[in-house]
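Residues per chain, in single letters:
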Amino acid sequence: SHMTGTYTPATTGMHNLTIYNHRQDDHQDLLQNYIDDITLVPLTTDFTSSNLQFSASQPNQVAQFNLNAGPSWAGWKYIVLLSRSGNWPGVTSGGVWLPLKVDPITHKSISLANGSRLPHSKATLNASGAAMAGLVFPAPMGANWVGRELNVAYILYQGPGYKPFSYASMPVTILFIP
């Protein structure tokens, strides 16, 4: 059946969404129609990666991350965070949502910041509000990583601790292939 009702274009801070007002009896097709009709257009590219796929069986793989929060964030401290558990429900601090589910990999990314596996992952944004960071896998990850995803994002904070953070990027997702 076809969903009936009206739709209203709406704009949020990060995406353009089509929001449907619908009758209760349309509920069974609502989700599929929503999936079919939604248009997500990121309005910023605040975090990009040079590599979105890693081979779980190859050594010496690197991703270069470009952080670009914009000039208004120049001089702020940043840290790049990882999660193997996805991005929902994430963490909210000071009204800012970080779309990463905190897990042991997140804590490891904090303790290994600026080390050989996460070069330049904790520093200060330049005058343009940008920075570059890396992620290095010197050894193969192993077959148990095939099909798994690693979510990566960064936060901006003033310190000395990471909370409250004042900015959180959208995540990038790295997929491990054979």
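Residues numbered from 1 in each chain as written. Predicted model: local features only at pLDDT ≥ 70, side-chain atom pairs only at ≥ 80, totals over all residues. Heavy atoms only, no water.

Caption draft 1: Summary view of the overall build of the protein. Regarding its fold elements, the protein presents two helices and 13 strands. Counting only carbon and sulfur atoms, one obtains 57% of the accessible surface of the protein, whose full area is about 10000 Å². (Helix = DSSP H or I, 4+ residues; strand = E, 2+ residues; numbered from the N terminus. Areas by Shrake-Rupley, 256 points an atom, 1.4 Å probe, with all protein chains shown as cover.)

Caption draft 2: How the structure looks around the side chain of serine 109. Secondary-structure assignment places serine 109 in helix α2 (residues 104-111). Of note is the side chain of serine 109, whose polar atom sits 3.3 Å from the backbone nitrogen of leucine 82. (Polar contact = N/O pair within 3.5 Å; in protein donor to acceptor, adjacent residues only side chain to side chain.)

Caption draft 3: Molecular detail of unusual backbone geometry. Here the residue pair tryptophan 88 and proline 89 is connected by a cis peptide bond, since its omega of 10° sits within 30 degrees of zero. Inspection of the secondary structure puts proline 89 in the loop between β6 (77-83) and β7 (91-93). Here lysine 163 and proline 164 are connected by a cis peptide whose omega angle stands at -5°. Assignment of secondary structure puts proline 164 in the loop between β11 (149-157) and β12 (165-168). Its identity as a non-glycine residue notwithstanding, asparagine 60 has a phi of 55°, on the positive side. With a relative accessible area of 60%, asparagine 60 lands in the exposed category. (Buried < 20%, exposed > 50% of the residue type's maximum accessible area, 1.4 Å probe, protein only.)

Caption draft 4: The arrangement of the confidence of the model for the protein in detail. Taken residue by residue, the protein gives an average pLDDT of 80. The fraction at 70 or more is 75%. Of the regions scoring below 50 in pLDDT, residues 1-44 engages in 53 contacts with residues more than four places distant in sequence or in other chains. (pLDDT = per-residue confidence, 0-100. Contact = heavy atoms within 4.5 Å.)

Caption draft 5: Quick look at the environment of valine 172. Looking at the element boundaries, valine 172 is found in strand β13 (residues 172-177). We classify valine 172 as buried; its relative accessible area is 9%. In sequence terms valine 172 and leucine 52 are 120 residues apart; their C-alpha atoms lie 7.8 Å from each other.

Caption draft 6: Representation of the packing of aromatic side chains in the model. All chains considered together, the criterion is met by 11 aromatic pairs. Judged by centre distance (6.0 Å) and plane angle (65°), the rings of tryptophan 88 and tryptophan 97 are edge-to-face. By relative accessible area, tryptophan 97 is classed as partly exposed at 37%. Relative to phenylalanine 176, the ring of phenylalanine 137 has its centre 5.5 Å away and its plane inclined at 85°; by these criteria the two rings are edge-to-face. Residue phenylalanine 137 is found in strand β10 (residues 130-137), and its partner phenylalanine 176 is found in strand β13; the two are separated by 39 residues along the sequence. Clustering of aromatic rings is evident, with ring pairs tying together Phe47, Phe65, Trp73, Trp76, Tyr154 and Tyr167. (Phe/Tyr/Trp six-rings, centres within 6.5 Å; stacked < 30°, edge-to-face > 60°.)

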